[in-house]
Every structure is written in structure tokens, then in C-alpha cells.
Amino acid sequence: MIMAINSIRGSKSIKGKTVLLRVDYNVPIAHVKKGKPVITDDYKMVSSLKTIRYLSRYSCPIILVSHLGDPQKEMGAKDRFSLAPIALRLERLLGRRVIFVPDCQGKAAREAVSGMKGGDVALLENLRYYAGEEENDKAFAKELSLVAKSVSRPRSLLKKITGSHEAVYVNDAFSVCHRNHASVSAIKDFLPSFAGLLLESEVESLEKALRPKKPAVAVMGGAKISTKIRIIKHLEKSYDTILIGGAMANNFFKVRGFEIGKSLVSEEDVSLAKSLKSKKLILPVDVITNSRMDGKGTTKVRRLKDIKKRDVILDIGPETIKLFAGYIKSAESVIWNGPMGKFEDPKFRQGTMSVARLVGTVSTGKAFGVAGGGETVEAIRMSKMMDYVDWVSTAGGAMLSYLGGEKMPGLAGIIK
């Protein structure tokens, strides 16, 4: 299959036009020191800078739009979901002023951006303050387009702008492209649409991963099989081995008759585990257990046959790390998504950190390595392997959807 990406890269039609740039600044914010917001992880923001700087070189006024959290469910805490602190961090990252607009539609928003010049950057308020965003409402999408079209352009510049539109839409938020939301789907009915540089790299890297050099190894962790079932079945077709870790391995243990004690399982996932019978699936051979769910009890290394009724499985064991290492070290293609255990507890992150180091060690050399997902990215950063993995995705759910062959509304019309 030949894939065509309608990218801003090398596009002469983008020069001088106002850009409505969809980014994903849904970053973790801690409210400390009397409620003062502190951004604890700006990886997604840093990843967007390349596109912003590229558009600035082409004299584009840039209007950024993003969501943060789910304020529709917590309207009483609306201030917690404001993008105002993100605008301040973005100013430091870019080294220039960022205009923060305390709304994302309406007259006030249009007036706030009307005086923007080429290279100026503005950030509109949280898209999800309006229900129309998640409802993929065309009226809401049209309002967003009108904000972009409201930037006043000198006649001398308009003569140089090719095409009939003074504004365009650029999607650089691959991580929400599996959502049928107004800012990634309906918006394309109102503005010519392009892929940003980050989105372009995401798609190209995942496409390469879907056509792997052999041997090809996938590492799947996390809690629920239900979120990984499609990708596991899809990767079975082209990958030689799929290593299973994390709490979702418990369901496979139960299906195979092993005692799992009080470990995390679900009826749905046990049923799904029964449907996955491929010999390509490799399970842990030993685990780290604790006598308490919170991990504050007695910790033991157990072979599967030795797990007790009161045990809670919280990580893969040393023999499993050795087993997984053999597969990863022999691979020429590696995909990793999901932790191997209770990663948030330092006592039970050894398995995850070991996989991070292994994937980083074989990548950008012997193998082509791709990884994604919140805790997966955090583990790679903690292992100091960020610069060695070929592609660290900004996406979790969208990465799984793409690799699982699901529909991606945000890519329709941009990726062919």
C-alpha cells in the first residue's frame, strides 16, 4: 500500500496563512503551594515545537487549540482545567510571547487574535469547556474556523497568498486522532487540512512498525486485555513473538490453571484470554508477589506453580526478565506498550525498567524500536533511553488504535 500524507512539509500553499493548529497539551498538572499549578511532564508540548517553529518560518500566525482533562464531568472545578499555565510554560519553551485567549470561540476570541502577525503564537482556552467538542458538533467546529479566519491580513500579503483561503487547519495531535471530536474531525469541513510534522512522524513510524523486519517482537503490558485485544490480534499476523506482562498476564495465568491469589483480574479479560491461543504469546515464568494489594506487605519471588492464595502479583520476576531479554536482544523490530507491573510503586518497577533499557539498547542500531503510552514513556525517560528509542510516541490509545487497524477519524482526508 502506498501512503500519501498531506503534510505541511514543503507545502508552498501554507506560506503566510493563518494556521489553526490542533495540538495535544493534555499534560499532567499538579496543584501545589496553595493551589499553584505546576506542569509535571511537558513531553507532549516539547514534541509540538518543531511544527510551531516550522510554521513561524513561513510567516504564519499560529492559533493553537487543545483540550485538557474532562471539565464537562467536573464543572465545579473548572479553573483546574484552564490552559493558562500551559501558555506560560509554552512561552518559556519557545522563548517568545504566547497570547493566551480565555475562550476558544465567539466574538471575544475572534477579537483577541485579529491583530496577530506572521510568526505570532496564540493559545485558545480548553476546547472541552464546550460539549460540542466531544460531540463532534459542526457548529462548534465552524466557530473554531471563524476564529482562525478573523486574523486581519494586509492586502499586500493577501496578494502573495495562494488559494482562496486565508486560513488552514493543521492537525499535529495524533494522540486524539482516534476520537471523533470537532477539533480533529468536523473542523476539516471548514478549512483546508494538513498534517503537522509531529503527526507525520507518528504515522510514518507506526507504518514502519506494521511492516517489520524479522525477527519482530512486541511487548504488551498494562492492566486490561480488552484495551489490547485488537492490537495483539493484528500484530500476530506480522510479528514473531508477543511478550505479555503487567496485570493482564494474570488472566492468562488463570485460564491456564495457575493460582493467582488476590491479583487483579476481570471476567471480561479472562474470557478474552481464552480466545487468544496463539503460540506467539509468551507469558512470564516467574513473578514478584506481595501479601498486600498496596504492596506494603511481604514481597516474594514466585514461580507460577508456587503462587499462594493470599499473594498479589505486582511485577514480572528475574527469570522472566531474562527470558524477555533473549527475545528483545534478537529482534530487528520492537514495539512496546504498557508497564510490566505496578510501575507507580518503586518496589515493583524493576520489570518495566528492565524492558525500557532493553528496548533502548537494541533500538537505533540493531532494531527499529517504537514505544508509546504514559507509563511506558515515563519508564523510558527514567531509564535515560529517550534518545535511543527510534520513536517514542506521544500517544497511548491512538497508537493502539492505529496499530490495531481501527478507524482514525482525525486522519481521514489528511492521510490516504
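As a starting point, this report considers the structure included with it. Remember, it's a predicted structure, so these values are computed and weren't measured experimentally. (Residues numbered from 1 in each chain as written. Predicted model: local features only at pLDDT ≥ 70, side-chain atom pairs only at ≥ 80, totals over all residues. Heavy atoms only, no water.)

**Re the pairing of strand β9 (residues 216-220)**
Part 1 of the reasoning: Of all 5 residues in β9, 5 are buried, a share of seventy percent or more.
Part 2 of the reasoning: Along β9, one buried face is formed by Ala216, Ala218 and Met220 and the opposite face, lined by Val217 and Val219, is buried too.
Part 3 of the reasoning: Here β9 runs beside strand β15 (residues 333-337); their pairing, made up of 5 bridges, is parallel. The partner of Ala218 across the bridge, within β15, is Ile335.
Part 4 of the reasoning: Handedness of the crossover is the feature at issue here: the chain leaves β9, passes through helix α8 (residues 229-235), returns alongside strand β10 (residues 241-244), and the resulting connection is right-handed. (Buried < 20%, exposed > 50% of the residue type's maximum accessible area, 1.4 Å probe, protein only. Helix = DSSP H or I, 4+ residues; strand = E, 2+ residues; numbered from the N terminus. Pairing = 2+ DSSP bridges. Right-handed = clockwise from strand over helix to strand, strands pointing away.)

**Section: the sheet that holds strand β12 (residues 286-290)**
Part 1 of the reasoning: Strand order in the open sheet formed by 3 strands is β13-β12-β14, with antiparallel pairing between adjacent strands. Among the strands making up the open sheet, the edge pair consists of β13 (299-303) and β14 (312-316). Each strand axis lies, on average, 40° off the axis of its neighbour in the sheet, ignoring direction.
Part 2 of the reasoning: As paired elements, β12 and β13 share 5 bridges and run antiparallel to each other. (Axes fitted to C-alpha atoms, helices over the stretch in contact; angles between N-to-C directions.)

**Comments concerning the pattern of salt bridges**
If the charged atoms of two oppositely charged side chains come close together, the side chains can form a pair.
Part 1 of the reasoning: This structure, assessed with the given rule, holds 18 salt bridges.
Part 2 of the reasoning: In this structure, Lys107 and Glu111 form a salt bridge, with 4.0 Å as the shortest nitrogen-oxygen distance. Here Lys107 and its partner Glu111 are both found in helix α3 (residues 107-113), 4 residues apart, which amounts to about one turn of the helix.
Part 3 of the reasoning: Accessibility expressed as a relative area gives 58% for Lys107, which makes it exposed.
Part 4 of the reasoning: As a salt-bridge pair, Lys305 and Asp306 come within 3.4 Å of each other at their nearest N and O atoms.
Part 5 of the reasoning: For Lys305, a relative accessible area of 66% puts it in the exposed group. (Salt bridge = Lys/Arg side-chain N within 4 Å of Asp/Glu carboxyl O.)

**Thoughts on the sheet that holds strand β16 (residues 368-371)**
Part 1 of the reasoning: Strand order across the open sheet formed by 6 strands is β11-β10-β9-β15-β16-β17, with parallel pairing between neighbours. Two strands in the sheet have a free side with no partner beyond their single neighbour: β11 (281-282) and β17 (391-392).
Part 2 of the reasoning: Where β16 lies against β17, 2 bridges are found, and the strand directions are parallel. In the sheet register, Val370 faces β17, and the bridge partner there is Trp391.
Part 3 of the reasoning: Packed on one face of the sheet, helix α7 (residues 197-210) meets β15, β16 and β17 and runs near 120° to β16. (Contact = heavy atoms within 4.5 Å.)

**Digging into the side chain of Lys342**
Part 1 of the reasoning: Summarising the element assignment, Lys342 is placed in the loop between β15 and α12 (350-362).
Part 2 of the reasoning: No salt bridge is formed by the buried Lys342. Its closest oppositely charged neighbour is Asp345, at 4.6 Å.
Part 3 of the reasoning: In this view, Lys342 contacts Met293, Asp294, Gly295, Leu314 and Phe348; residues no more than four positions away in its chain are not counted. (Lys, Arg positive; Asp, Glu negative; His and termini not counted.)

**As for the nonpolar core**
Across soluble globular proteins, you tend to see nonpolar side chains buried next to one another.
Part 1 of the reasoning: The biggest cluster of nonpolar side chains holds 74 residues, and the ones touching the most others in it are Phe174, Met220 and Ile244.
Part 2 of the reasoning: Per-element tally for this core: the top contributor is α7, with 6 residues.
Part 3 of the reasoning: What Met220 contacts, discounting residues up to four positions off in sequence, is Lys228, Ile231, Ile232, Leu235, Ile242, Leu243, Ile244, Gly245, Met248, Ile335, Asn337 and Met340. (Core = buried A, V, L, I, M, F, W, Y, C linked by side-chain atoms within 4.5 Å.)

**What about the side chain of Thr320?**
Part 1 of the reasoning: The topology assignment puts Thr320 in helix α11 (residues 318-330).
Part 2 of the reasoning: Judged by its relative accessible area of 0%, Thr320 is buried.
Part 3 of the reasoning: Excluding its chain neighbours within four sequence positions, the residues that come into contact with Thr320 are Pro284, Val285 and Asp286.

**Regarding the packing of helix α1 (residues 43-57) against helix α2 (residues 84-94)**
Packed helices, taken two at a time, are described by the angle between their axes plus the distance between the axes.
Part 1 of the reasoning: Two elements in contact, α1 and α2, have axes separated by 11 Å at closest approach and are oriented at 60°. When the axis of α1 is compared with that of α2, the two are oblique. The handedness of the crossing between α1 and α2 comes out as right-handed. For the pair α1 and α2, contact is made by Met45, Val46, Leu49, Ile52 and Arg53 and by Ile86, Arg89, Leu90, Leu93 and Leu94, respectively.
Part 2 of the reasoning: Taken together, the residues of the contact of α1 with α2 break down into 8 nonpolar, no polar and 2 charged. (Parallel < 35°, antiparallel > 145°, perpendicular 65-115°, else oblique. Left-handed = near helix turned anticlockwise from the far one by under 90°. Nonpolar A, V, L, I, M, F, W, Y, C, P; charged D, E, K, R; others polar.)

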